[in-house]
Amino acid sequence: MQNRIAPNYWALALLLAANLSLLLPGGHLLRVAGALLLVGLLPGWGWSRRLLAGQEPLLRWVAAAALSFTLTMLAALLLHYLPGPIPAWQLLLGLNIAALPPLLLPAAPAAAFSWRDALPLLLILLVSLFLRTANLNYSEFQGDEALAMIAAAESIEGHADALFLRSKGPAEVLLPLAVWRLTGTITEATARLPFTAASLLAIVTIYLIGNRLGGAGVGWLAAGFFAFNGFMVAFGRIVQYQALVVWLSALAFLLALVWQAAGQRRLALLAGLSLGAGLLAHYDAVLALPALGWLLLAERQESGVRSQESDRETGTRWSQLAGRNSLFAILFFAAGLLAVALPFYLPFALNPQANRTGDYLGGRIGSELRNNLPDFFHFNTFYNSSYAIIITGLLVLFFLALLAWRAGRWGKLAGGAALIGVMAVVAAPRLLAAGLDWSIAPFALLLLAAFVALFFEPLRQRFGLSPRQAGQWQAAIFWLAAPFLGYNFVVALGLTHIYTTVPAWALLAALGAAQLAGGRHQLPALLAVLFFGLSTIFLWNAFVRHDVEYWQDYPAGNLALFWTPYPTLPEAGFFGFAHRAGWKAIGQALADGSLTGDYGSNEEPDVTTWYTRGAPRACDPRPEYYFLAADLIDPVAVPVEIIAAEYAEIGRVELTAQKSMRVLQQLPAGPELGPLDDAALARQFDAGAIPAAFARSARGSQPADANFGRLVRLVGFDLDSRRAWPGGRVPVTLYWQALVPIPASYQVFTHLETSNGPAAQADGVPVCWSYPTDAWRPGQIIADQHAIPLPADIAPGVYPLEIGLYLPDTFARLDLLDAAGNPAGTSLTLAQVEIRAKNER
């Protein structure tokens, strides 16, 4: 019987210190550390030591972090559902309530663990920590990160729709939301650290799975193959869901393995909680379900063998007991999964956004078989060295073919035919694509042959496997098959979602390496060190180094040592690579008033919206400013001829590697800003990075209150008349609030009126033709930019600016309602705009 131990006083002291750290100024390093402990370790630590009593320390630490992440996400989600902003004290109270009770109770100590056996893992973790954290604050947010952070800011500020306007799970919003709320301000590095931690914890999880599948050697080999995979490094350096999906689904797999050994139903519950948390990150987590289902049902297979070794009556009782164990395990697993996933997905399913998400997913999945292998190899050899993909790919093929080959004559035939087919399709992707694309067939056959081979007792004896161990290998094959076959041959647009193959790929490659070594350890260990060393050099160049930016300068940014078969970039899907354009300097110049007015840019709006903190981005080709970046994430076309003829450079942000951000103003330009100090302005930007600065909740500098047809309300506006002269323009931003779901797509008109009709106008679908009114959500505030071009012959004078909404098919306008709700016309006079003569500029 294990000895009981006293309450965990060191954890209680750490919890107190973390709470006290929040009294420090916003953004202080110790406050950030305390917030990360409160979000990522302490809420689940006590629960882990009780629920995993007697288990190895590494598993308890990993589970403590996973439970903490899960509790944090649920606490933030439930607070989001409450009306109004999310106060820091409420989140802090929830995390402390989750953390304290188990820490006050005694628990059993962990099982004995040999840290010496884990020395290779520790070395792998140290190098992985460097690859994932070095220069983490250098790269600016890319588009998806910016959208997640804007949603976090809006959720903190009380926007009820902030989570439901997205087409994926809320985890990538809830975790930075919690850190931001506790730290007060945010930087790129601080926002990314929870995902970095998830990426590192996934390495430990893969190590523990490998240990159980094939021993310590397989464990550290699998951890290395996984840790030095470019997708895993990339997704550990950004605010995105992928690291969470991989880690939490892998932990669910590990806990299912532990359940098989210990038979404790709470382990199945924990596995369900882990996968539920993975689903909060993204639907990709569901791809682990076939493997997990197999593990939870594998007890039946084991019981059948045992019953054959016993008398008939005892065997029957054992089989019934094992069957009940599997049934209860599945029920506990499902309960854990639903307890975490339903608080988001049930309200989401009842929300109109669910239909749009379904349409989005339907378009991504497609309706016919295809062959995406060229994209699979292109992405893999871009994120990794070609050598790494070739070596691990051959190890996976070797392992699968070996299982099939040793299963007997049928295995040799099926495995041999499948292997030949695989090589043929890799060499000639269109080989089986006449009519219906059958490229999936040889890959499915090879996976199936290896899977079925493990049912045969002679093969299990040859590999020294019990039926349960064979079932665990089968589950690993399932784990690879679902995402590999799905994203390469079923889904129309897989892109970087092939990251879901990496955990099982690493495990099967490690099992293949172990079989190839055949008990010899020294040479394989030396080769593994060489492999990991080369991978580290490649990954350092791709993700850490920034004097040369691998992605932006590709292929010149690639080191000559690393041959690649692809001289061009993939079409899309660039995450985690070193990238800096100078947007913080621009954002701070807008914040302090050095720059005022609308702008255009060659960078995508998602990025610029974050860094300009919602400054108006023009729809027309003649904004007040152009911000032109040399480093671009998703380029946007700009009118080069207009810029060359009508704009002058007034400032520049100088960056490394002779790159810069140019600031141009329409002629006649204002005072020159000269060189902008990127480092100094970035520090000022970070110091002011509070949620209210980024939430898209502005109501404009001029308040308004106008009800159109009981559908939409104008709550404010901004007007810029500095270039109100013939040939100039008048930018106006309207702030609308939807009152109810709007049944039709209305267009907005902005007119400078005369007695004979509009002297100038700008009509269109709101938000630069990108956000139709029938997609608006009740309560949502929409910043709608327009710019009225003024004809060259417009007469100087004062013109009323009238606005409203109409149906483009019939031109029927929405009624403007008075305070009593009665029609009071079909347009609102917003302001009087004075058009000056050209010589009055």
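Residues numbered from 1 in each chain as written. Predicted model: local features only at pLDDT ≥ 70, side-chain atom pairs only at ≥ 80, totals over all residues. Heavy atoms only, no water.

### A short note on the sheet that holds strand 3 (residues 647-654)
Strand pairs in the sheet, formed through backbone hydrogen bonds, run parallel or antiparallel to each other.
And step 1. Spatially, the 5 strands line up as an open sheet ordered 1-2-4-3-5, and their pairing is mixed. Both edges of this open sheet fall to strand 1 (599-601) and strand 5 (674-676), since each of them pairs with a single strand only. Each strand of the sheet is rotated relative to its neighbour by a mean of 25 degrees, with strand direction disregarded.
And step 2. Strand direction decides the pairing type here: strand 2 (residues 625-629) and strand 4 (residues 660-666), joined by 5 bridges, are antiparallel. The partner of Ala 629 across the bridge, within strand 4, is Met 661. (Pairing = 2+ DSSP bridges. Helix = DSSP H or I, 4+ residues; strand = E, 2+ residues; numbered from the N terminus. Axes fitted to C-alpha atoms, helices over the stretch in contact; angles between N-to-C directions.)

### A short note on the pattern of salt bridges
And step 1. In this structure the tally under the stated criterion is 23 salt bridges.
And step 2. Here Arg 460 and Glu 457 are joined by a salt bridge, their closest N and O atoms 2.5 Å apart. Linking Arg 460 with Glu 457, this pair stays in helix 21 (residues 457-463), spanning 3 residues, or about one helical turn.
And step 3. What makes Glu 457 partly exposed here is its relative accessible area of 34%.
And step 4. Of the charged contacts, one joins Asp 678 and Arg 580 as a salt bridge, the two residues approaching to 3.0 Å between their closest N and O atoms. Placement of Asp 678 in helix 28 (residues 678-687) and of Arg 580 in the loop between helix 24 (522-544) and helix 25 (583-591) is noted, with a sequence separation of 98 residues between them. The pair formed by Asp 678 and Arg 580 is uniform in burial state, with each residue classed as buried. (Salt bridge = Lys/Arg side-chain N within 4 Å of Asp/Glu carboxyl O. Buried < 20%, exposed > 50% of the residue type's maximum accessible area, 1.4 Å probe, protein only.)

### Some details on the packing of aromatic side chains
Two descriptors summarise a pair of aromatic rings, namely the distance from one centre to the other and the angle between the planes of the rings.
And step 1. For the structure on display, the rule yields 65 aromatic pairs.
And step 2. Sitting over the face of the ring of Phe 328, Arg 265 holds its NZ or CZ atom 4.1 Å from the ring centroid.
And step 3. The ring of Phe 685 is capped by Arg 613, whose NZ or CZ atom sits 4.2 Å from the centre of that ring. (Phe/Tyr/Trp six-rings, centres within 6.5 Å; stacked < 30°, edge-to-face > 60°. Lys NZ or Arg CZ within 6 Å of the ring centre and 35° of its normal.)

### Points about the side chain of Asn 558
And step 1. By secondary structure assignment, the location of Asn 558 is in the loop between helix 24 and helix 25.
And step 2. Look past the residues within four positions of Asn 558 in its chain and what remains in contact with it is Phe 538, Asn 541, Tyr 550 and Thr 564. (Contact = heavy atoms within 4.5 Å.)

### Regarding the nonpolar core
And step 1. By size, the foremost hydrophobic cluster in this structure holds 228 residues, and its most contacted members are Ile 209, Trp 247, Trp 479, Trp 610 and Phe 627.
And step 2. Beyond its immediate sequence surroundings of up to four residues, Trp 610 is in contact with Phe 141, Ala 146, Met 149, Ile 150, Trp 180, Ile 186, Phe 685 and Phe 694.
And step 3. Among the nonpolar cores identified, the runner-up in size contains 34 residues, and Ala 724, Val 730, Val 732 and Ile 782 belong to it. (Core = buried A, V, L, I, M, F, W, Y, C linked by side-chain atoms within 4.5 Å.)

### Here we look at the side chain of His 751
And step 1. Looking at the element boundaries, His 751 is found in strand 9 (residues 747-754).
And step 2. His 751 gets classed as buried once you look at its relative accessible area, which sits at 6%.
And step 3. Only 3.3 Å separates the side chain of His 751 from the side chain of Asp 763, close enough to count as a polar contact.
And step 4. Leave out the neighbours within four places in its chain, and His 751 touches Pro 758, Ala 760, Gln 761, Asp 763, Pro 800, Leu 801, Glu 802 and Arg 813. (Polar contact = N/O pair within 3.5 Å; in protein donor to acceptor, adjacent residues only side chain to side chain.)

### Structural notes on the sheet that holds strand 12 (residues 797-806)
And step 1. Strand order across the open sheet formed by 4 strands is 10-9-12-14, with antiparallel pairing between neighbours. With partners counted over all chains shown, the strands left at the sheet margins are strand 10 (757-764) and strand 14 (828-835), one partner each. Between one strand axis and the next, the sheet turns by 25 degrees as a mean value, whatever way the strands run.
And step 2. With 6 bridges connecting them, strand 9 and strand 12 associate as antiparallel partners.

### Some words on the pairing of strand 11 (residues 781-789)
And step 1. For strand 11, the tally of buried residues reaches 7 of 9 residues, placing the bulk of the element in the interior.
And step 2. Where strand 8 (residues 729-738) and strand 11 come together, 9 bridges link them in antiparallel fashion. If you follow Leu 734 over to strand 11, its bridge partner there is Asp 784.

### Quick word on a nonpolar patch on the surface
And step 1. Together, Tyr 387, Ile 390, Ile 391, Leu 394, Met 423 and Trp 563 make up a nonpolar patch on the protein surface, roughly 570 Å² of accessible area in all.
And step 2. The leading source of residues in the nonpolar patch is helix 18 (residues 386-405), at 4 residues.
And step 3. Topologically, Leu 394 is positioned in helix 18.
And step 4. Residue Leu 394 is classed as partly exposed on the basis of its relative accessible area, which comes to 48%. (Patch = residues over 30% accessible without salt bridge, like charges linked within 9 Å, V, L, I, M, F, W, Y side chains within 5 Å. Areas by Shrake-Rupley, 256 points an atom, 1.4 Å probe, with all protein chains shown as cover.)

### Remarks on helix 3 (residues 42-51)
And step 1. Counting buried positions over the 10 residues of helix 3 gives 7, a clear majority of the element.
And step 2. Buried residues of helix 3: Leu 42, Pro 43, Gly 44, Trp 45, Gly 46, Ser 48 and Arg 49, and no others.
And step 3. Looking at the buried residues of helix 3, the elements they touch are helix 1 (9-21), helix 2 (29-40), helix 4 (57-81) and helix 5 (88-103).

### As for the packing of helix 18 against helix 19 (residues 409-427)
And step 1. At a minimum axis separation of 7 Å, helix 18 and helix 19 run at an interaxial angle of 155 degrees. Relative to helix 19, helix 18 is oriented roughly antiparallel. For the pair helix 18 and helix 19, contact is made by Leu 397, Ala 401, Ala 404 and Trp 405 and by Gly 411, Lys 412, Gly 415, Leu 419, Val 422 and Met 423, respectively.
And step 2. Tallied by class, the residues present in the contact of helix 18 with helix 19 amount to 7 nonpolar, 2 polar and 1 charged. (Parallel < 35°, antiparallel > 145°, perpendicular 65-115°, else oblique. Nonpolar A, V, L, I, M, F, W, Y, C, P; charged D, E, K, R; others polar.)

### Focus on the state of the cysteines
Here a disulfide denotes one covalent bond, and it connects the sulfur atoms of two cysteines.
And step 1. Counted by the stated rule, this structure contains 1 disulfide.
And step 2. Covalent S-S linkage joins Cys 619 and Cys 768, the inter-sulfur distance amounting to 1.9 Å. Of note, the bridge from Cys 619 to Cys 768 carries an S-S torsion of about -80 degrees and is left-handed in sense. Within this pair, whereas Cys 619 is found in the loop between helix 26 (605-611) and strand 2, its partner Cys 768 is found in helix 30 (residues 766-769), the two being separated by 149 residues in sequence. (Disulfide = S-S within 2.5 Å.)

### Let's talk about the confidence of the model for the chain
And step 1. On average, the chain scores 90 in pLDDT, and the residues at 70 or more come to 92%.
And step 2. Across residues 300-321, where pLDDT falls below 50, the model places 18 contacts with residues more than four positions away in sequence or in other chains. (pLDDT = per-residue confidence, 0-100.)

### Thoughts on the pairing of strand 12
And step 1. Within strand 12, 7 of the 10 residues are buried, which leaves the element mostly enclosed by the surrounding structure.
And step 2. Note that strand 12 and strand 14 share 7 bridges and pair antiparallel. Across the sheet, the residue bridging to Glu 802 is Thr 829, located in strand 14.

### Side note on the packing of helix 20 (residues 440-453) against helix 22 (residues 467-490)
A pair of packed helices is characterised by two quantities: the angle between their axes and the separation of those axes.
And step 1. Relative to each other, helix 20 and helix 22 sit at 175 degrees, their axes nearing to 10 Å. Looking at the two axes, helix 20 sits roughly antiparallel to helix 22. Only Gln 474, Ile 477, Phe 478, Leu 480, Ala 481, Phe 484, Leu 485 and Phe 489 of helix 22 make contact with helix 20, whose side of the interface consists of Ile 440, Phe 443, Ala 444, Leu 447, Ala 450 and Phe 451.
And step 2. Looking at the contact of helix 20 with helix 22 residue by residue, the class counts come to 13 nonpolar, 1 polar and no charged.

### Things to note about helix 10 (residues 216-227)
And step 1. For helix 10, which comprises 12 residues, the first-to-last C-alpha distance of 16 Å matches the rise-based estimate of 16 Å (1.5 Å per residue) to within 8%.
And step 2. Most of helix 10 sits inside the fold, with 10 of its 12 residues counted as buried.
And step 3. For helix 10, the full list of buried residues reads Val 218, Gly 219, Trp 220, Leu 221, Ala 222, Ala 223, Gly 224, Phe 225, Phe 226 and Ala 227. (Expected span 1.5 Å × (residues − 1).)

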